[in-house]
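These are the residues of each chain, in order.
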Amino acid sequence: MTDPIRVLVVEDDPVAADAHLMYVGRVPGFTAVGKAHTGAEARRALDHTPVDLLLLDLHLPDGHGLQLARSLRAAGYHADVIAVTSARDLAVVREGVSLGVVQYVLKPFTFATLRDRLVRYAEFRAAAGEASGQDEVDRALAALRAPGPAALPKGLSAPTLERVTVTLRDCADGLTAARVAEAVGISRITARRYLEHLVEAGRAARAPQYGTVGRPELQYRWVTKG
């Protein structure tokens, strides 16, 4: 029986870190061996725990994730890296390739998205022996490439999700579904679906908010998690 691939989650947001740990634990062949909220915590964990793969947030309180990856390579650590980030700077993507970053996952993402990346990484890692030719080398490398954007839940679109995410991020105190709907130009019910999706992805939190005089019913507001 093949040993599971050991994953260390490095994520500064505790809610997102717990969500990522849960996601990793749901993928056969993988086991989450711990979590770290800073680069320093990650280095201490690596000193005591064998790790095959880092699920690495690029924006950490004590430095950029790629700086951590570079220092780990210099120190002789050989764990591969799947970068988790909301940044879309392709220069960062190119830099990460030389530091052992085998995949990028853009926030917010669903369990299905991460599962796809982990399964592809496992296929790439399982390739062994001597290639018979160029085609076999190409097939091994292709295992890391997603065939296309991961599907969102039915009825949700990536452009609208991005607008909802930005709208929520721009209001530190959080927003109700009605306020998000008004800002984005969608219905309140649709806005709530996107907000619940962000909660599931670990990118937002839902908090109770009681109504004002004349509207005393319990409502909710959503606050971004990064």
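Keep in mind it's a predicted model, so treat the numbers as computed, not measured.

S.K.: Let's hear about the side chain of threonine 110: which residues, and what values?
M.R.: Within the secondary structure, threonine 110 sits in the loop between β7 (101-106) and α5 (111-126). Not counting residues up to four positions away in its chain, the partners in contact with threonine 110 are Tyr23, Pro153 and His197.

S.K.: Can you break down the sheet that holds strand β3 (residues 53-57) residue by residue, with the values?
M.R.: Taken together, five strands build an open sheet; the order of strands is β2-β1-β3-β6-β7 and the sheet is parallel. Of all strands in the sheet, those bounded by a partner on one side alone are β2 (30-36) and β7. Shown here is a sheet whose adjacent strand axes are inclined to one another by a mean of 20°, direction ignored. Pairing of β3 with strand β6 (residues 80-85) involves five bridges; the strand directions are parallel. Paired with leucine 54 across the two strands is valine 81, which belongs to β6. Sheet strands in contact with helix α2 (residues 39-48) are β1 (5-10), β2 and β3, and its direction is about 155° off that of β1. Relative to the sheet, helix α3 (residues 65-74) contacts β1, β3, β6 and β7, its axis offset from that of β3 by approximately 150°.

S.K.: Summarise helix α7 (residues 158-169); cite the residues concerned and give the values.
M.R.: Because an α-helix packs 3.6 residues into every turn, residues spaced three or four apart end up facing the same way. With 12 residues, α7 should reach 16 Å at 1.5 Å per residue; the first-to-last C-alpha distance of 16 Å fits that figure. All of the buried residues in α7 are Thr160, Leu161, Val164, Thr165, Thr167 and Leu168. Projection of α7 onto a plane perpendicular to its axis shows the buried side chains occupying an angular sector of 165°, all on one side. Opposite the buried face of α7, at more than 90 degrees from it, the exposed residues are Ala158 and Pro159.

S.K.: Please give an account of the pairing of β2 that cites residues and values.
M.R.: Of the strand pairs in this sheet, β1 and β2 are connected by six bridges, and their pairing is parallel. When the sheet's bridge partners are listed, valine 10 is paired in β2 with alanine 36. Note that the unit made of β1, helix α1 (residues 14-25) and β2 has a crossover that is right-handed.

S.K.: Give me the nonpolar core: which residues, what numbers.
M.R.: Core analysis: the largest hydrophobic core is formed by 21 residues, its most contacted members being Leu8, Val10, Leu54, Leu56 and Leu68. For this core, the elements supplying multiple residues, two or more each, are β1, α2, β3, α3, β6 and β7. Of all the elements, α3 adds the most residues to this core, at four residues. Non-local contacts of leucine 56, meaning those with residues more than four positions away in its chain, are made with Val10, Gly65, Leu68, Ala69, Val81, Ile82, Ala83 and Val84. Within the second largest apolar cluster, 19 residues are counted, among which are Val7, Tyr23, Val24 and Val105.

S.K.: Before we move on, could you go through the packing of aromatic side chains and cite the residues and values that matter?
M.R.: To describe a pair of aromatic rings, you give the distance between the ring centres and the angle between the ring planes. The final tally for this structure, using the stated rule, is one aromatic pair. Seen from their ring centres, tyrosine 23 and phenylalanine 111 are 5.6 Å apart, and the 55° between their planes marks the pair as tilted. In this pair, tyrosine 23 is assigned in helix α1 and phenylalanine 111 in helix α5, connecting sequence segments 88 residues apart. Note on tyrosine 23: relative accessible area 1%, which makes it buried. Sitting over the ring of phenylalanine 111, arginine 26 keeps its end group 3.9 Å from the ring centre.

S.K.: I'd love a proper account of the packing of α2 against α3, names of residues and values included.
M.R.: Packing of α2 against α3 leaves a shortest axis separation of 10 Å and a crossing angle of 30°. Comparing their axes, α3 and α2 come out roughly parallel. For the pair α2 and α3, the crossing hand works out as right-handed. Contact residues: Gly39, Ala42, Arg43 and Leu46 in α2; Leu68, Ser71 and Leu72 in α3. Across the contact of α2 with α3, the residue classes tally to four nonpolar, two polar and one charged.

S.K.: Residues and numbers for the layout of surface pockets, please.
M.R.: The space that makes up the second largest pocket amounts to roughly 260 Å³. What lines the second largest pocket is a set of 14 residues, among which Thr2, Asp3, Pro4, Ile5 and Gly29 lie closest to the centre. Of all the secondary structure elements, the ones that give two or more residues to the lining of the second largest pocket are β1 and α5. The dominant element in the lining of the second largest pocket, judged by the number of residues it contributes, is α5, at four residues. Class assignment for the residues of the lining of the second largest pocket results in eight nonpolar, two polar and four charged.

Cut-offs used in this document
- Residues numbered from 1 in each chain as written.
- Predicted model: local features only at pLDDT ≥ 70, side-chain atom pairs only at ≥ 80, totals over all residues.
- Heavy atoms only, no water.
- Helix = DSSP H or I, 4+ residues; strand = E, 2+ residues; numbered from the N terminus.
- Contact = heavy atoms within 4.5 Å.
- Pairing = 2+ DSSP bridges.
- Axes fitted to C-alpha atoms, helices over the stretch in contact; angles between N-to-C directions.
- Expected span 1.5 Å × (residues − 1).
- Buried < 20%, exposed > 50% of the residue type's maximum accessible area, 1.4 Å probe, protein only.
- Arc of directions from axis to C-beta.
- Right-handed = clockwise from strand over helix to strand, strands pointing away.
- Core = buried A, V, L, I, M, F, W, Y, C linked by side-chain atoms within 4.5 Å.
- Phe/Tyr/Trp six-rings, centres within 6.5 Å; stacked < 30°, edge-to-face > 60°.
- Lys NZ or Arg CZ within 6 Å of the ring centre and 35° of its normal.
- Parallel < 35°, antiparallel > 145°, perpendicular 65-115°, else oblique.
- Left-handed = near helix turned anticlockwise from the far one by under 90°.
- Nonpolar A, V, L, I, M, F, W, Y, C, P; charged D, E, K, R; others polar.
- 1 Å grid on protein atoms, 1.4 Å probe; cavity = no way out; pocket = protein on both sides within 12 Å on 5 of 7 lines; lining within 4 Å.
- Points joined across faces, edges and corners; volume = space filled by probe spheres on them.

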